[in-house]
Amino acid sequence: MTVIVLSGPIGAGKSSLTSILSDYLGTKPFYESVDDNPVLPLFYADPKKYAFLLQVYFLNTRFHSIKAALTQNNNVLDRSIYEDALFFQMNADIGRATPEEVDTYYELLHNMMDELERMPKKEPDLLVHINVYYETMIKRIQKRGRPYEQLSYDATLEDYYKRLLEYYKPWYEKYDYSPKMEIDGDKYDFIASEKDRKIVLDQIVAKLKEVGKLPADWDKSTAIKLDA
Ligand SMILES: Nc1ncnc2c1ncn2[C@@H]1O[C@H](COP(=O)(O)OP(=O)(O)O)[C@@H](O)[C@H]1O
Ligand SMILES: Nc1nc2c(ncn2[C@H]2C[C@H](O)[C@@H](COP(=O)(O)O)O2)c(=O)[nH]1
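In the nomenclature of an unreviewed UniProt entry, the protein is known as Deoxyguanosine kinase of Lactobacillus gigeriorum DSM 23908 = CRBIP 24.85. Recorded under Sequence similarities (unreviewed entry), the UniProt text for the protein is reproduced unchanged: "Belongs to the DCK/DGK family."

Draft legend 1. Inspection of the environment of L6 at higher detail. Positionally, L6 belongs in strand β1 (residues 3-7). Put simply, L6 and E107 are 101 residues apart on the chain and 25 Å apart in space, counted from C-alpha to C-alpha.

Draft legend 2. Region of interest: the UniProt feature "domain: Deoxynucleoside kinase" (unreviewed entry) in the protein. Mapped onto the present numbering, the UniProt feature "domain: Deoxynucleoside kinase" (unreviewed entry) falls on residues 4-204. This span, residues 4-204, is 56% helix and 11% strand, and a straight line between its end C-alpha atoms measures 10 Å.

Draft legend 3. Spatial organisation of the confidence of the model for the protein. Mean pLDDT over the protein stands at 93; residues scoring 70 or higher make up 96%. Interface predicted TM-score (ipTM) for the complex: 0.98; the corresponding pTM is 0.95.

Draft legend 4. Molecular detail of the pairing of strand β3 (residues 75-78). Alternating positions in β3 separate into two faces, N75 and L77 on one and V76 and D78 on the other, with burial throughout. Where β1 and β3 come together, four bridges link them in parallel fashion. Among the inter-strand pairings, L6 is bridged to a residue of β3, identified as D78. In this structure, strand β2 (residues 28-30) lies alongside β3, joined through three bridges in parallel fashion. Bridge pairing links F30 to L77 in β3.

Draft legend 5. Representation of the packing of helix α3 (residues 47-71) against helix α5 (residues 99-117) in the model. Direction vectors running N to C along α3 and α5 enclose 5°, while the axes themselves pass 11 Å from each other. With respect to α5, the element α3 is oriented roughly parallel. Counting all contacts with α3, which are made through F52, Q55, V56, L59, N60, F63, I66, K67 and L70, the residues of α5 involved are E101, T104, Y105, L108, L109, M112, E115 and L116. Residue composition of the contact of α3 with α5, grouped by class: eleven nonpolar, three polar and three charged.

Draft legend 6. Looking closely at unusual backbone geometry. Look at R79: it is not a glycine, yet its phi comes out positive at around 70°. The residue R79 is located in the loop between β3 and α4 (84-93) in this model. For R79, a relative accessible area of 7% puts it in the buried group.

Cut-offs and rules
Residues numbered from 1 in each chain as written. Chains lettered and ligands numbered in written order. Predicted model: local features only at pLDDT ≥ 70, side-chain atom pairs only at ≥ 80, totals over all residues. Heavy atoms only, no water. UniProt positions renumbered as here; feature names shortened; annotations may be inferred. Helix = DSSP H or I, 4+ residues; strand = E, 2+ residues; numbered from the N terminus. pLDDT = per-residue confidence, 0-100. Buried < 20%, exposed > 50% of the residue type's maximum accessible area, 1.4 Å probe, protein only. Pairing = 2+ DSSP bridges. Axes fitted to C-alpha atoms, helices over the stretch in contact; angles between N-to-C directions. Parallel < 35°, antiparallel > 145°, perpendicular 65-115°, else oblique. Contact = heavy atoms within 4.5 Å. Nonpolar A, V, L, I, M, F, W, Y, C, P; charged D, E, K, R; others polar.

This is how it looks when you write it as structure tokens:
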């Protein structure tokens, strides 16, 4: 059973690569519920008021999806519970959560992580982290077009997004729930370029072989299903 989780900053390409990778491997994609997230637009309109509520919303949906992913065969998860604290800690650090909310959040998170420890499969098999520079992130956010994410909606988002990129560096270094790898989201246009998509998929397949989650002779043409 192979569970792959994607990670990376806003607009890095997680949802897109989740689709591409799950299709290539013949596995099930799990997507983050964003466009039907009722709290997200409220957060961008009033971050101080809604940071805690939004984080509890995301934590809850991520807990459900990581549990489902860890109990089903072969899937790819677009962002996971492991990044949840990164966002909340950053919002707390910029004064968007009270000490009581921070304590409550971490108690909830630790309870959920304890629950995952009791599951037959406790962690993913691979984390695929997509790195992007700020300029790429902004281009992608503009391309995707969610109004409340645009700098034109709120100029302070520039600092927020730059800070987010700074928080991701130590987060990735410290991540140790599973083997991990990085994809250069600036260099490879795995949406428009077939060549780049193949390079990225080859990198991920090579890593899955290295960690023993794909046989050494696996390739798309053999269409061998991942081990059950
Ligand atoms: N590697 C890439 N090259 C060019 N455009 C990309 C790439 N990855 C994603 N995009 C585009 O950027 C936007 C955000 O992609 P998305 O997959 O939603 O990112 P995320 O899920 O990380 O927020 C989409 O419009 C998508 O088509
Ligand atoms: N405050 C938080 N915001 C979050 C979190 N996870 C995602 N988000 C925001 C960022 C984007 O506006 C949107 C979708 O994220 P993508 O990375 O898929 O673009 O949701 C979080 O945990 N806290």
